[in-house]
Amino acid sequence: MEQKHIHLINELPHIYELEDMMAFCKKYTKLYIYGRALNQEYLLKYFDMCDVKIEGFIVTTVREQERACFAYRQLPVLSFGEFLERRESAGIILALSDRHYKDVIPLFRKHEFEDYFMMTEFNKRAIAYQVRPRSHEELAFEISLADHCNLSCQMCDHFSQLSKPWYVDMEQFDKDLEQMGRIYKHRIGYITLLGGEPTLHEGLIDCIKIVRREFPDSQLIILTNGVKLLELEHGKNGNLWQACRDYNVHITVTVYPIKLDYAKIEDKAKEYGVSLAMSSNIHASELTKVVKISDRHTMDLEGSVEKFYCVNCLYFNKFNVLKDGKLYMCPIAAHSNILNEKFGIRLELSKDDALDICSVDSWEEIADFSSRHVPFCRYCDLKKWGHDSQWKKSRKTMDEYFDL
C-alpha cells in the first residue's frame, strides 16, 4: 500500500530576530501587538510562554466582532487612535502581513511614533506554525524499543551510544498502546518504532502487531540503521520483512558510511513489496544519500537557557516520545536519564515535562501540551545547535554535548 508522506519539519524562526524582539520588549512597561488575526493570537501565545505581558491588540479600524471573538484568549482590541491616548512607555510589535505596511507605517510617521518592532514575514509565520496545536492527522509519537544500539555514533541525540542495554517491557508496551489508542480514537498521523536500534528487540514483530491492533490505518514506521535487516528475514521470532508487508509497515534506513550492502536491502524491500526509504538525513524533505553529517545538540548544564528560544527547536511540537506510561516533548528529555547516569550530572525533569497518559482524556490535551514550552527546554542551548562534522564513532565523552 502506498504510504502518505507526512513531513512536519518546517523552517524554524530566525533566532537572531527572536533575540532582537525580546530585547525590544524589555524596554517597555506596556506592550501591544499590531494586528488581530489567528497568527497574531499565536504570537500572543508565544509571548505568554515567554512570560512577556501583552496589554492588547491594535488595529487601524476596529470592527466590533474583533473585540469579542478569540481563538486563543481574549485581550482588549484598540484602534490606533485609542492606543495613542495611552502610548506613554508603550511599545508595539508590528505583526501585520507586509502588504499592510504601506498603510500603517505612514500612520506611525504622521503621529511621530517610533516605538515599534517590525517582525519579518518569515518569523510571523514560523512562530505561529511552531506554537499552533497540531491537528489530529498531524499528531505523532515515537517509541524506543531499545535504548542501546549496535552502532556508536558521536553526538546521538537519543544518547544510545552511552546507554546500557535496555529494552522496552512488552507488558508496559501493550498497556501504553492500548491507552494511546483510546486517547487518539485509534487514529493518528504516524507512529515510529526506533531506538537506539529497534531491530535489537526480539519482540519487534509483536510490537508491530500491538500497534496495528490499536492503530490499524495509521502510518507505522520502523526507523533503523539497517544493520540487522537482512538477517531478520529469518529471525528468531519470525520474518520481519513478511511482517512489514502483512501489517503495512514502512522502513526508513539511515545511511551511514559503514560496510553495509544498501542495494541488497533495497532489493529485499522490492521482493517483499515493503515501502522503504533510505537517507543520510531523515529530517530532509527530500531523501538523500550524501555524506552523513553529525549534528551537535549542545546542552547547558546550568539550565539557564531563556524560554523564548524554545520555538527554534527541531523537536518542539513534533516528536513526542512515549516511554513507560509517559509522553515527553522530545527524545532529549525522554532519554536524559542516560546522560545523567553516564556523566554523573543532574538534568532535572519536573512533573510538567511529561504527561501521564493514564490521566489524559483526549488527543487535544496532547496537542496543547506539545505546543507549549516545558521546563526541560532550559537545558537545550539552541543557538549552538547545528552541523558539526562528518559522521564518526563516538568517544563517549561529555564534550560531545556540553561546552566544558
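For the structure itself, consult the block above.
Since this is a predicted model, take the numbers as computed values, not measurements. (Residues numbered from 1 in each chain as written. Predicted model: local features only at pLDDT ≥ 70, side-chain atom pairs only at ≥ 80, totals over all residues. Heavy atoms only, no water.)

Caption draft 1: The overall build of the chain, seen in detail. The helix and strand tally for the chain stands at 13 helices and 15 strands. In terms of overall size, the chain behaves like a compact globule, its C-alpha atoms giving a radius of gyration of 24 Å where 404 residues would be expected to give roughly 22 Å. The principal-axis extent of the C-alpha atoms belonging to the chain is close to 75 × 45 × 40 Å. When contacts within the chain are restricted to residue pairs at least 6 apart in sequence, long-range pairs at least 24 apart make up 76% of them. Summed over all atoms, the accessible surface of the chain reaches about 18,900 Å², with 49% contributed by carbon and sulfur. Charge centroids of the chain, computed over 53 positive and 62 negative side chains, lie 1 Å from each other. (Helix = DSSP H or I, 4+ residues; strand = E, 2+ residues; numbered from the N terminus. Rg over C-alpha atoms; globule rule 2.2 N^0.38 Å. Contact = heavy atoms within 4.5 Å. Areas by Shrake-Rupley, 256 points an atom, 1.4 Å probe, with all protein chains shown as cover. Lys, Arg positive; Asp, Glu negative; His and termini not counted. Charge placed at Lys NZ, Arg CZ, Asp CG, Glu CD.)

Caption draft 2: Main features of the nonpolar core. Judged by nonpolar contacts, the single largest core of 123 residues is most densely connected at Tyr 46, Phe 47, Phe 141, Phe 173, Tyr 184 and Leu 193. Apart from the residues lying within four places of it in its own chain, the contact partners of Leu 193 are Ile 143, Leu 145, Phe 173, Pro 198, Leu 204, Cys 207, Ile 208, Val 211, Leu 220, Ile 221, Ile 222 and Leu 223. Grouped together as the second largest cluster of nonpolar side chains are 16 residues, Ile 58, Ala 90, Ile 92 and Val 104 included. (Core = buried A, V, L, I, M, F, W, Y, C linked by side-chain atoms within 4.5 Å. Buried < 20%, exposed > 50% of the residue type's maximum accessible area, 1.4 Å probe, protein only.)

Caption draft 3: Focus on the sheet that holds strand 8 (residues 219–224). Pairing in this open sheet of eight strands is mixed, and the strands run 10-9-8-7-6-12-13-14 from one edge to the other. Two strands in the sheet have a free side with no partner beyond their single neighbour: strand 10 (276–279) and strand 14 (354–356). Adjacent strand axes in the sheet meet at a mean angle of 25°, parallel and antiparallel pairs treated alike. Inspection of the sheet shows strand 8 paired to strand 9 (residues 249–254) by five bridges, in the parallel sense. Residue pairing in the sheet places Ile 222 in a bridge with Ile 251 of strand 9. Contacting strand 6 (140–146), strand 7 (190–195), strand 8 and strand 9, helix 8 (residues 204–214) runs over the sheet at an angle of about 155° to strand 8. Across the sheet, helix 10 (residues 262–272) lies against strand 9 and strand 10, angled at about 160° from strand 10, the strand it touches most. (Pairing = 2+ DSSP bridges. Axes fitted to C-alpha atoms, helices over the stretch in contact; angles between N-to-C directions.)

Caption draft 4: Spotlight on the side chain of Lys 323. Structurally, the position occupied by Lys 323 is in strand 12 (residues 320–323). The exposure class of Lys 323 is buried, given its relative accessible area of 10%. Side chain to side chain, Lys 323 and Asp 147 meet in a polar contact 2.8 Å long. Those residues in contact with Lys 323 that sit more than four places away from it in its chain are Asp 147, Trp 166, Tyr 328, Ala 334 and His 335. (Polar contact = N/O pair within 3.5 Å; in protein donor to acceptor, adjacent residues only side chain to side chain.)

Caption draft 5: Quick peek at helix 13 (residues 363–370). Turning to helix 13, its buried residues are Trp 363, Ile 366, Ala 367, Phe 369 and Ser 370. Seen from one end, helix 13 has its buried residues packed into an arc of 165°, which puts them on one side. At its buried positions, helix 13 is contacted by helix 7 (170–183), strand 12, strand 13 (326–328) and strand 14. (Arc of directions from axis to C-beta.)

Caption draft 6: Local environment of the packing of aromatic side chains. Throughout the structure, instances matching the rule amount to 23 aromatic pairs. An aromatic cluster of three or more residues is present, and its members are Tyr 32, Tyr 34, Phe 80, Phe 83, Phe 108, Phe 113 and Tyr 116. Geometry around Phe 57 places Arg 36 over its ring, the cationic atom sitting 5.7 Å from the centre. The ring of Tyr 129 has Arg 132 lying over it, and the distance from NZ or CZ to the ring centre is 4.9 Å. (Phe/Tyr/Trp six-rings, centres within 6.5 Å; stacked < 30°, edge-to-face > 60°. Lys NZ or Arg CZ within 6 Å of the ring centre and 35° of its normal.)

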